[in-house]
Amino acid sequence: MPAVGVVVVGAGVAGIACAVELTAAGVPVRVLDRGRAVGGRMASRRIKGRPVDLGAAYFTVRDPEFAEVVARWRTAGLARPWTSELVVLDGDGRGRSAGPVRWAAPGGLRTLVSEMASGLDIELDHPVSHVGPGPVVDGEPADVVVLAMPDPQALRLVDPSSEAAAELAGREWRPVIAVAAGWESRQWPALPAAFVNDNPVLSLVADDGDRRGDGAPVLVLHSTAEVARSHDAAPGGAVPAMLDMLRRLLDVGVEPVWTHTRRWRFASPAGKRDRDFHLGDDGTALAGDGWGVSKVETAWRSGTMLGREIARRLG
Ligand SMILES: Cc1cc2nc3c(=O)[nH]c(=O)nc-3n(C[C@H](O)[C@H](O)[C@H](O)COP(=O)(O)OP(=O)(O)OC[C@H]3O[C@@H](n4cnc5c(N)ncnc54)[C@H](O)[C@@H]3O)c2cc1C
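Residues numbered from 1 in each chain as written. Predicted model: local features only at pLDDT ≥ 70, side-chain atom pairs only at ≥ 80, totals over all residues.

(A) Seen up close, the domain arrangement of the protein chain. Each domain of the protein chain was delimited in the assignment, giving domain 1 (6-42 + 109-171 + 276-314) and domain 2 (57-108 + 174-268). Domain 1 and domain 2 are separated by 27 Å when their C-alpha centres are compared. Contacts between domain 1 and domain 2 engage 15 residues on the former and 16 residues on the latter. Taken together, the elements giving at least two residues each to the side of domain 1 that touches domain 2 come down to helix H3 (110-117), helix H4 (151-155) and helix H9 (296-314). (Domains from an automatic or database assignment. Contact = placed C-beta atoms within 7 Å. Helix = DSSP H or I, 4+ residues; strand = E, 2+ residues; numbered from the N terminus.)

Quick look at the structure:
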């Protein structure tokens, strides 16, 4: 049994999945997150009395072990299969794209991470500012420290000459501005969600009432990376152009009665890695959706596989 244990920085799905594995193996683990809630980019916020997903729009399932977790969520009423067909909006009009089942959460995707996190030792509102050799986390020793977050956020924490820094450097992450908008009543034709292709302003439109199953007249719009970059300092400035584009694409003529904006400076990485995680000899480990194709399932798998490997190394 290690004397100090593992410190996981980041309570998104990757960090929590890692902590779940370590706990199951009997390894002491503390999870630290600067946010006020677990979930990271699986972010849901209560707006006008109901949850709205402002980060990940949905998730998909391929890995058989992840499927077992999702089956548990489904049995508990936390997750529901939403749709396997999405609308595609592009210069040629409106089409449909068949694909894997997209899963949604009636209470918001964050509730799924909360369920996984139940019983873990988690400290919220706890920003970490430095991970040094040892490893030490803000001066406190750990057997292993796991950084489960986007590369640019992890890069700020480690020493520039470290092995981890070399793994993290030089990879671009794309930003997104998410705008939730609510109307008095539905103004658009049936729409689970739409990929918006080759558009300068929008990349995705999701029907939050449809995915949540309550039919609320709420859409969530995701901007392109270009729009997010040009409105980085004041994301609210992107709202008029995003709503204007929505009007043109879906013929929504009526103004929404409310909007809520959320900026994601590091929404997803450009490109992918072909490893599930990094575990350095210096005790610094890296996990998250940057380790594979960026999606919820990748982040879960990255954290799970890393947790197993750390438990094996610590004996
Ligand atoms: C707009 C958007 C749309 C998306 N759409 C989809 C989709 O449709 N389907 C899909 O599968 N995936 C989607 N994703 C991606 C999905 O959300 C991520 O792959 C997944 O949630 C990543 O989990 P993670 O644990 O790796 O990282 P995160 O969820 O980012 O967790 C990192 C955590 O680290 C914490 N942290 C960072 N720095 C510090 C620090 N210094 N100290 C303490 N804590 C810190 C953060 O607060 C955060 O909680 C989307 C993401 C965004 C932003």
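(B) Region of interest: helix H1 (residues 13-24). With 12 residues, H1 should cover 16 Å at 1.5 Å per step; its first-to-last C-alpha distance of 16 Å lies within 8% of that length. Burial analysis of H1 places 10 of its 12 residues in the buried class, the great majority of the element. Of all the residues in H1, the buried ones are Val13, Ala14, Gly15, Ile16, Ala17, Cys18, Ala19, Val20, Glu21 and Leu22. The inward-facing, buried residues of H1 contact strand S1 (6-9), strand S2 (29-32), H3, strand S11 (144-148), strand S18 (284-287) and H9. At the C-terminal side of H1, Gly26 shows a positive phi close to 85°. (Expected span 1.5 Å × (residues − 1). Buried ≥ 20, exposed ≤ 12 C-beta atoms within 10 Å, placed from the backbone.)

(C) Main features of the site of the ligand. The full set close to the ligand counts 38 residues, and Gly10, Gly12, Gly40, Gly288 and Asp289 are the nearest of them. Where the shell around the ligand is concerned, the elements lending two or more residues are H1, strand S12 (173-182), strand S16 (258-269) and H9. Here the shell around the ligand is built from residues that sort into 22 nonpolar, 11 polar and 5 charged. Both domains that meet at the shell around the ligand, namely domain 1 (6-42 + 109-171 + 276-314) and domain 2 (57-108 + 174-268), each give it at least three residues. (Near = placed C-beta within 6 Å. Nonpolar A, V, L, I, M, F, W, Y, C, P; charged D, E, K, R; others polar.)

(D) Spatial organisation of the packing of H1 against H9. Across the interface, H1 lies against H9 with an axial gap of 7 Å and an inter-helix angle of 30°. The handedness of the crossing between H1 and H9 comes out as right-handed. Of the residues in H9, those in contact with Val13, Ala14, Gly15, Ile16, Ala17, Cys18, Ala19, Val20, Glu21 and Leu22 of H1 are Val296, Ala299, Trp300, Ser302, Gly303, Thr304, Leu306, Gly307, Arg308, Ile310 and Ala311. Taken together, the residues of the contact of H1 with H9 break down into 14 nonpolar, 5 polar and 2 charged. (Axes fitted to C-alpha atoms, helices over the stretch in contact; angles between N-to-C directions. Left-handed = near helix turned anticlockwise from the far one by under 90°.)

(E) Structural detail: the nonpolar core. Formed by 97 residues in total, the largest nonpolar core has its most connected members in Val9, Ile16 and Val146. Take this core: its biggest share by element is 8 residues, from H1. If you count residues domain by domain, this core takes at least three from each of domain 1 (6-42 + 109-171 + 276-314) and domain 2 (57-108 + 174-268). Here Val146 is in contact with Val6, Val8, Val9, Gly15, Cys18, Ala285, Ala287 and Leu306, once residues within four sequence places are set aside. (Core = buried A, V, L, I, M, F, W, Y, C linked by C-beta atoms within 7 Å.)

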